[in-house]
Amino acid sequence: MADVAVRLAAIVTRQPSSLWTQGVGALAALVVVTVLGIAYVATPVVVVVVFSAVFAVAESLVWVVLKVASRRRTARKQVNRPRLMLPR
């Protein structure tokens, strides 16, 4: 695996056209390592996005329940509307 990464760095910095002249095996190894790397990084991203969406839906449901409950009281209590907060 490290050999492929070093080879890719050499191809990018020195001779980008040499990627095609090294043969099918080098290109296939590069594609396999790239796909595995993307899968390794994308898996936690998908988990975080899914759980954030689930939490947003749960928070909205609780907000609706609290909004309905606050209308039934004689003394109204302010219920803040949930909002999506993205990292900066």
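Up top you'll find the structure we're talking about.
Quick caveat: nothing in here was measured; it's all calculated off a predicted structure. Once a new chain begins, its residue numbering starts again from 1 and follows that chain's sequence as written. Side-chain atom pairs in this predicted model are given and counted only at pLDDT of 80 or more, local residue features only at pLDDT of at least 70, and totals for whole chains, interfaces and linings cover all residues. Just so you know, side-chain values use all the structure's heavy atoms and leave hydrogens and water out.

### Focus on the environment of tryptophan 63
- Positionally, tryptophan 63 belongs in helix α3 (residues 24-72).
- Note: C-alpha distance between tryptophan 63 and proline 82 (19 residues apart in sequence) is 7.1 Å. Labels follow the DSSP assignment, with helices taken as runs of H or I lasting at least four residues and strands as runs of E lasting at least two, numbered in each case from the N terminus.

### Thoughts on α3
- Here a helix's expected span is defined as the number of its residues, less one, multiplied by 1.5 Å. Taking 1.5 Å of rise per residue, the 49 residues of α3 would be expected to cover 72 Å, and the 71 Å separating its terminal C-alpha atoms lies within 8% of that figure.
- Here the bend at a residue is taken as the angle between two axes, fitted respectively to the seven residues that end there and the seven that start there. Of all the bends in α3, the greatest, near 25°, is centred on alanine 42, and the proline proline 44 appears no more than four residues after it.

### Details of the environment of threonine 43
- Relative to the helices and strands, threonine 43 resides in helix α3.
- Note on exposure labels: buried denotes an accessible area under 20% of the residue type's maximum, exposed denotes more than 50%, and partly exposed covers the range between, all computed with a 1.4 Å probe on protein chains only. Judged by relative accessible area, which is 49%, threonine 43 ranks as partly exposed.

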